Amino acid sequence: MSKILCIIDGMTDPEFNLSQYPHLSGLYQLGEVDTCRGSAPESLGCILRLLGTKEVPERFRGYVEALGCGIPVGEDDLILRGSWYRVDERGYCVAPVAGESRLPVGEEVCRYYPMGQYKRLLVFPGMAGAVTEICTQSPYRCVGRPAEMMKPVGLPALERLFDWCLGAGKCLIPWGESVPAKIPAFPEGGCVVCGTEIVRGIARLLDMTLVVPAGCTGDTDTDLQAKVQATLQAAEEYPFVLLHINGADEASHRRDRREKQAFLKKVDALVLPPLLRSGHGVWVVADHGTDPGTGAHLGEKQPRYGNRPEWFW
């Protein structure tokens, strides 16, 4: 029998109602888990803690996403996330928006990698030493704020990049400054089934087998049945399988409560029944909450659910 951990990214929020999801509510509630432990509520650290990592390095999110995307980085490179946001006529951030495939100007400043939708990765060769001098802001709290307030400081090349990309109803918000780092591998044979770049990077960082089924987008249009099939196949071979489902988090960042709830109902109907019928041990938890009212991550302790009351991690 395998252990299956299903992480529903951003599942909870102030209006989360367990009774809306019959299969989830039918599980045992196994208390709560502090996924943040005093740190910011973001997927990288929260998921690593759920997987048993004791010490999560600071400033390495961009590096892990580079791993997930197969982007080459050197030991002395500085890596940042970039998120494109729509800007209204007043200059205020509105919502994530499809980003530019190329930088408008100044591409010599950094290497620029599209990662789908609004997400980008920025690599500044040889600038790792500046990582502690930079101050950036997470875009998840930018909605309703002037775009200029999201401008990074501490590295002139990064400040110029922000200025170049601000205009024509959009802005590129650089954040998650990072440098390469290593952490101990996952202690037992494990497999990760996911479609999201950061979780693919976690799998490679922890030396776990990675499975990315066709049709897995990391959003609400992902192929949930393909993910379930891949998870059950992996559970026949590996003692531990992580199934990561990301759409609820993305819907929340779009501030679309109806889309989030509809997606969670779809997860409850299509994902949980075959997992529970499989005979494997199953537990379900969110890495963090995400509020569709604000688009921001939430850091409260997360409820955990399982099909075996005696089974804890």
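Within each chain, residues carry numbers counting from 1 in the order of the written sequence. Given that the model is predicted, a residue must reach a pLDDT of at least 70 before its local features are reported, and side-chain atom pairs must reach 80 or more before they are shown or counted; all residues, however, enter totals for whole chains, interfaces and linings. Derived side-chain values reflect all non-hydrogen atoms in the structure, with water molecules and hydrogen atoms excluded from consideration.

Thoughts on the overall build of the protein
Turning to step 1, where the next piece is worked out: In this description a helix means any DSSP run of H or I spanning at least four residues, a strand means any run of E spanning at least two, and both kinds are numbered starting from the N terminus. Along the backbone of the protein there are nine helices and 14 strands.
Turning to step 2, where the next piece is worked out: Each principal axis of the C-alpha distribution contributes one length, and for the protein these read about 55 × 40 × 35 Å.
Turning to step 3, where the next piece is worked out: Buried residues are those whose accessible area, probed at 1.4 Å on protein chains only, stays under 20% of the maximum for their type, while exposed residues exceed 50% and partly exposed ones sit between those limits. For the protein, with 313 residues in total, the buried portion stands at 56%.
Turning to step 4, where the next piece is worked out: The criterion used for residue contact is that any of the two residues' heavy atoms lie within 4.5 Å. Within the protein, counting contacts between residues at least 6 apart in sequence, those at least 24 apart form 71% of the total.
Turning to step 5, where the next piece is worked out: Computed with a 1.4 Å probe, the accessible areas rest on the Shrake-Rupley method; for each residue, only the protein chains presented here act as cover. Accessible surface for the protein amounts to roughly 12800 Å². Of this, 49% is attributable to carbon and sulfur atoms.
Turning to step 6, where the next piece is worked out: None of His or the chain ends enter the tally, which takes Lys and Arg as positive and Asp and Glu as negative. A single reference atom marks each charge: NZ on Lys, CZ on Arg, CG on Asp, CD on Glu. Seen as two clouds, the 33 positive and the 39 negative side-chain charges of the protein have centres 2 Å apart.

Notes on the state of the cysteines
Turning to step 1, where the next piece is worked out: The disulfide criterion used throughout: a pair of cysteine sulfur atoms within 2.5 Å. Across all of its chains, the model carries zero disulfides by this definition.
Turning to step 2, where the next piece is worked out: Lacking any disulfide linkage, C194 is separated from the closest cysteine sulfur, that of C216, by 8.3 Å.
Turning to step 3, where the next piece is worked out: Residue classification places C194 among the buried positions, given a relative accessible area of 0%.

Quick word on the pattern of salt bridges
Turning to step 1, where the next piece is worked out: When a carboxyl oxygen of Asp or Glu lies within 4 Å of a side-chain nitrogen of Lys or Arg, that pair is called a salt bridge. If you walk through the whole model with that rule in mind, you get 15 salt bridges.
Turning to step 2, where the next piece is worked out: Put simply, R257 and E15 hold a salt bridge, and the shortest N to O gap is 3.7 Å. A residue pair is termed long-range when its members are at least 10 positions apart, and R257 in helix α8 (residues 257-270) and E15 in the loop between β1 (3-8) and α1 (22-25) qualify at 242 residues.
Turning to step 3, where the next piece is worked out: K119 is the salt-bridge partner of E250, the closest N and O atoms lying 3.2 Å from each other. Taken together, the residues E250 in helix α7 (residues 247-253) and K119 in strand β6 (residues 119-124) connect sequence positions 131 residues apart.
Turning to step 4, where the next piece is worked out: Owing to a relative accessible area of 8%, K119 belongs among the buried residues under this scheme.
Turning to step 5, where the next piece is worked out: Bridged by salt links that share partners, the residues D13, E15, R257, K260 and D291 form one connected network.

Things to note about helix α6 (residues 224-235)
An α-helix turns once every 3.6 residues. As a result, residues three or four positions apart point the same way.
Turning to step 1, where the next piece is worked out: Here α6 is twelve residues long and its end C-alpha atoms lie 16 Å apart, about the 16 Å a rise of 1.5 Å per residue gives.
Turning to step 2, where the next piece is worked out: Listed in full, the buried residues belonging to α6 are L224, A226, K227, V228, A230, T231, A234 and A235.
Turning to step 3, where the next piece is worked out: As for α6, its buried residues are in contact with β1, β8 (190-193), β9 (209-211), β10 (240-245), α8 and α9 (272-277).
Turning to step 4, where the next piece is worked out: N-cap assignment for α6: the residue whose side-chain oxygen lies 3.3 Å from the backbone N of Q225 is D223. To estimate the expected span of a helix, subtract one from its residue number and multiply by 1.5 Å. Whenever two N or O atoms come within 3.5 Å, that pair is a polar contact, provided that in protein one can donate a hydrogen and the other can accept it, and provided that, for residues adjacent in sequence, both atoms are side-chain atoms.

Some remarks on the pairing of β6
Turning to step 1, where the next piece is worked out: In terms of residue burial, β6 counts as a mostly covered element, since six of its six residues are buried.
Turning to step 2, where the next piece is worked out: Side chains K119, L121 and V123 of β6 all project onto a buried face; the interleaved residues R120, L122 and F124 project onto the opposite face, where all are buried too.
Turning to step 3, where the next piece is worked out: As paired elements, strand β3 (residues 78-87) and β6 share six bridges and run antiparallel to each other. If you follow L80 over to β6, its bridge partner there is L122.
Turning to step 4, where the next piece is worked out: Relative to β6, strand β5 (residues 111-114) runs antiparallel, the two sharing four bridges. Across the sheet, residue Y113 finds its bridge partner in β6, namely L121. By the convention used here, strands pair only if DSSP detects at least 2 bridges between them.

Some points on helix α5 (residues 197-205)
Turning to step 1, where the next piece is worked out: Of all nine residues in α5, eight are buried, a share of seventy percent or more.
Turning to step 2, where the next piece is worked out: Residues E197, I198, V199, R200, G201, I202, A203 and L205 constitute the buried set of α5.
Turning to step 3, where the next piece is worked out: Of the surrounding secondary structure, the elements contacted by the buried residues of α5 are α2 (43-50), α3 (61-69), β6, β8, β9 and β10.
Turning to step 4, where the next piece is worked out: Following α5 by one or two positions, D207 has its phi on the positive side, about 60 degrees.

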